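Notes for the structure review
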Amino acid sequence: MLDRVRHARHPLHGWRRWAVIAGQGLAGFVVLFALVNLTLSLSTFRGEDPFTRTVHELRVLWFSPPPGQPMPPGAFPTVYGRDLGPAPDTAAIHAFLEREAEDGVFLLDHVMVDRVLKLNGRVDARSLPVGVYVGAHALGPDGLPFVPVTKFLAHYLLFPRHAYILVVPEQGPAIAFSASQNAKFGIDIHPDRLSAEVAPFTPEAYDFPSSGEALHEMTRITDDPARVAGAVGALKGAQARLEKEGLTYGLLAPNSNTAVGCVLQGSGAITEQARSSILLALRAPGFGARCD
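What comes next is a walk through the structure. Not measured: the values here are computed from a predicted model.

**With respect to the packing of aromatic side chains**
Taken as a whole, this structure holds 6 aromatic pairs when the rule is applied. With 6.1 Å between their ring centres and 75° between their planes, Phe106 and Tyr133 make a pair best called edge-to-face. Of this pair, Phe106 sits in strand 1 (residues 105-109) while Tyr133 sits in strand 2 (residues 131-138), and the two are 27 residues apart along the sequence. One exposure class covers both Phe106 and Tyr133, and it is buried. The interplanar angle of 25° and the centroid separation of 6.0 Å between the aromatic rings of Tyr164 and Phe201 together place this pair among those described as stacked. Residue Tyr164 is found in strand 3 (residues 161-168), and its partner Phe201 is found in the loop between strand 5 (194-200) and strand 6 (215-222); the two are separated by 37 residues along the sequence. Note on Tyr164: relative accessible area 0%, which makes it buried. Its guanidinium or amino end placed over the ring of Phe76, Arg115 lies 5.8 Å from that ring's centre, counting from NZ or CZ.

Here it is in structure tokens:
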């Protein structure tokens, strides 16, 4: 390869020639990175029918509107009409999501959440089965003019995911544990410090489904009533410990995925070996980093 580069015929010479070679190499690396991520995106956690799953995802991304704009009237019938009809009630949605949760990883997307809000005004046990879930979604901007393009790129070509924990109790609203930089939560003091937010799962929440983050892959960790009842208190304890540690946020670790992974390991929901798996390390960088 080096011999080929040395003897390559370029119309340019000197530093310009090497600048072109470096640019070509960088472009090739970016394309290779995107192809690898696309392969991973279309091959992992796809269920028994990956083609149907991909069609579903593309429909959700197509209909998902930017913040401040209403969901198109035909979005839900187009995406879910075959399974639920054009206008299902809360009981039908609950039964559907319960069946989906039994299969392991399932999608909680922007179109479905919009329908739930229109029916009940909030996300709670009336629509989403009781349990503790780990959600993962792509990272991408929500605002115009970028989101119409970047939401597709973020979901398929930029493979890493941001993780959070969702608790759906018997009574009251669903609660999300989201970790990130202080600045992402509007905190000006130590903006680069890693912190967590425990808040109702509403459109104002950090990890709520939105246009740039329209597809959330959910995994139910437990539906044991005792563990679900104590989950919010445990998450608030984890939030307090994280604030006390005063860690600086890192791109790979410690980051939001690290916080979520360590909370799950500390609760016994996942082992250290499983948390440090190679696939999770690729999918959620920082998830398997050291907890101490």
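**A short note on the sheet that holds strand 6**
Spatial ordering of the open sheet is given by 1-6-2-3-4-5, a layout of 6 strands whose pairing is antiparallel. At either end of the open sheet lies a strand with only one pairing partner, and these are strand 1 and strand 5. On average, each strand axis in the sheet is tilted by 30° relative to the strand beside it, whichever way the strands run. Here strand 4 (residues 175-181) pairs with strand 5 via 7 bridges, running antiparallel. Bridge pairing in strand 5 places Ser178 opposite Glu197. This element, helix 9 (residues 256-266), spans strand 2, strand 3, strand 4, strand 5 and strand 6 of the sheet and lies at about 40° to strand 3.

**Section: the side chain of Ser210**
Here Ser210 shows up in the loop between strand 5 and strand 6. Excluding anything up to four places from it in sequence, Ser210 contacts Ser64, His110 and Asp142.

**A short note on the environment of Asp223**
Within the secondary structure layout, Asp223 lies in the loop between strand 6 and helix 8 (225-245). Spatially, the C-alpha atoms of Asp223 and Val167 are 9.8 Å apart, while their sequence positions differ by 56 residues. Setting aside anything within four residues of it in sequence, one finds Asp223 in contact with Val130, Gly131 and Val228.

**Some remarks on a negative patch on the surface**
A surface patch of negative charge is lined by Glu48, Asp49, Glu102 and Asp103. Within the secondary structure layout, Asp103 lies in the loop between helix 5 (90-102) and strand 1.

**Looking at the state of the cysteines**
Applying the stated criterion across every chain yields a total of 1 disulfide. With its sulfur 2.0 Å from that of its partner, Cys262 forms a disulfide with Cys291. Between Cys262 and Cys291 the disulfide shows an S-S torsion of about -100°. By sign, it is left-handed. Of this pair, Cys262 sits in helix 9 while Cys291 sits in the segment after helix 11 (278-283), and the two are 29 residues apart along the sequence. Overall, Cys262 belongs to the buried group, its relative accessible area being 18%.

**Examining the packing of helix 4 (residues 75-84) against helix 5**
Where helix 4 meets helix 5, the closest approach of the two axes is 12 Å, and the angle between their N-to-C directions is 85°. Judged by the inter-axis angle, helix 4 sits roughly perpendicular to helix 5. Every residue of helix 5 that contacts helix 4 at Tyr80, Asp83 and Leu84 is listed here: Ala92, Ile93 and Phe96. Its residues assigned to classes, the contact of helix 4 with helix 5 shows 5 nonpolar, no polar and 1 charged.

Each value, and the rule that gives it
- Residues numbered from 1 in each chain as written.
- Predicted model: local features only at pLDDT ≥ 70, side-chain atom pairs only at ≥ 80, totals over all residues.
- Heavy atoms only, no water.
- Phe/Tyr/Trp six-rings, centres within 6.5 Å; stacked < 30°, edge-to-face > 60°.
- Helix = DSSP H or I, 4+ residues; strand = E, 2+ residues; numbered from the N terminus.
- Buried < 20%, exposed > 50% of the residue type's maximum accessible area, 1.4 Å probe, protein only.
- Lys NZ or Arg CZ within 6 Å of the ring centre and 35° of its normal.
- Pairing = 2+ DSSP bridges.
- Axes fitted to C-alpha atoms, helices over the stretch in contact; angles between N-to-C directions.
- Contact = heavy atoms within 4.5 Å.
- Patch = residues over 30% accessible without salt bridge, like charges linked within 9 Å, V, L, I, M, F, W, Y side chains within 5 Å.
- Areas by Shrake-Rupley, 256 points an atom, 1.4 Å probe, with all protein chains shown as cover.
- Salt bridge = Lys/Arg side-chain N within 4 Å of Asp/Glu carboxyl O.
- Lys, Arg positive; Asp, Glu negative; His and termini not counted.
- Charge placed at Lys NZ, Arg CZ, Asp CG, Glu CD.
- Disulfide = S-S within 2.5 Å.
- Parallel < 35°, antiparallel > 145°, perpendicular 65-115°, else oblique.
- Nonpolar A, V, L, I, M, F, W, Y, C, P; charged D, E, K, R; others polar.

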